[in-house]
Amino acid sequence: MSLVTLNNLTIHHGGNPVLTGVNFNIQAGEIVTVVGPNGSGKSTLLRAIIGALQPSSGQVVRASGLRVGYVPQKLHIDPTLPLTVRRFLSLPLRVTNAAATQALEQAGAGRLANQQMAGLSGGQFQRVLLARALLCDPQLLILDEATQGLDQPGSAAFYQQIETVRQHLGCAVLMVSHELHVVMAASDRVICLNGHVCCEGEPEQVASAPEYRALFGSGTQGALALYRHEHNHSHDQDCTHEHHDHEAAQ
């Protein structure tokens, strides 16, 4: 079942093309990652899928009554504001204690309900944002660089939580990330974007594609294979070294 279908999506901003002729779909239950350099149109794509941006031409077709959960790249909360996690989940619409508890448990944040938002670590904060996105029991969960600012082990743990959410809820996941090999290793399908779809397919296919290598270099393919091996076993110092090696390759 297709949840979202993009047909020749084109979006202009100030008369300049940001996205041109984008075609792809998101199927129920799959994890799709969009990668691309800065300015490639990734956030514009997400905003179009959510419905916050109207296409200049083409169309975005959503399944009838589609429930979408959204985890933003960042959210600023005044650190002087006394606001517990539980109260935050009831803004702007009040939710029951049972719903809040369930969402926090699903997000791996079950013990944080009474914590102050201002006192959370980066990883805890993102899990609370994930919990908020899960309150609507989404069929499609969208994450816009949701691990920006987290260290590599924190990012890996967050993506493992996303996989757990997918398994339990059966929802599809659409992610945008700059952490190429980490997020790709957690994906069923990868879409490489640079104003248009450069290449698309399974992670290993995309990592070896000439279009992908032209944008990101050839170091990611080996890093992806290493991370997949580590991801299936344990996260030790090799992951950290591999992360730095990849950054150096760029």
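One can find the structure itself at the top, above this paragraph.
Now for a look at the structure at hand. Quick caveat: nothing in here was measured; it's all calculated off a predicted structure. (Residues numbered from 1 in each chain as written. Predicted model: local features only at pLDDT ≥ 70, side-chain atom pairs only at ≥ 80, totals over all residues. Heavy atoms only, no water.)

1. Focus: the overall build of the chain
Of regular secondary structure, the chain possesses 10 helices and nine strands. With 250 residues in all, the chain has 46% of them scored as buried. Considering only contacts within the chain whose residues lie at least 6 apart along the sequence, 69% involve residues at least 24 apart. A total accessible area of about 11,800 Å² is found for the chain, and carbon and sulfur atoms account for 48% of it. (Helix = DSSP H or I, 4+ residues; strand = E, 2+ residues; numbered from the N terminus. Buried < 20%, exposed > 50% of the residue type's maximum accessible area, 1.4 Å probe, protein only. Contact = heavy atoms within 4.5 Å. Areas by Shrake-Rupley, 256 points an atom, 1.4 Å probe, with all protein chains shown as cover.)

2. Some points on helix H4 (residues 122-134)
Residues spaced three or four apart along an α-helix point in a common direction, a consequence of the helix completing one turn every 3.6 residues. The terminal C-alpha atoms of H4, which comprises 13 residues, lie 19 Å apart, in line with the 18 Å expected from a rise of 1.5 Å per residue. Of the residues making up H4, those classed as buried are Phe125, Gln126, Arg127, Val128, Leu129, Leu130, Ala131, Ala133 and Leu134. As for H4, its buried residues are in contact with strand S5 (68-71), helix H2 (85-89), helix H3 (97-106), strand S6 (140-144) and helix H5 (152-169). (Expected span 1.5 Å × (residues − 1).)

3. Description of the packing of aromatic side chains
Taken as a whole and assessed by the stated rule, the structure comprises two aromatic pairs. Seen in terms of ring centroids, Phe158 and Tyr159 are 6.3 Å apart; in terms of plane orientation they differ by 75°. Their pairing is edge-to-face. The same class applies to Phe158 and to Tyr159, which are both buried. Ring geometry for Tyr212 versus Phe216: centroids 4.9 Å apart, planes at 50°, classification tilted. Placement of the pair is Tyr212 and Phe216 together in helix H8 (residues 210-216), with a separation of four residues, close to one helical turn. In terms of burial, Tyr212 and Phe216 fall into one category: buried. The side chain of Arg132 reaches across the aromatic face of Phe88, ending 4.6 Å from its centre. (Phe/Tyr/Trp six-rings, centres within 6.5 Å; stacked < 30°, edge-to-face > 60°. Lys NZ or Arg CZ within 6 Å of the ring centre and 35° of its normal.)

Keep in mind these numbers describe shape, not what the thing actually does.
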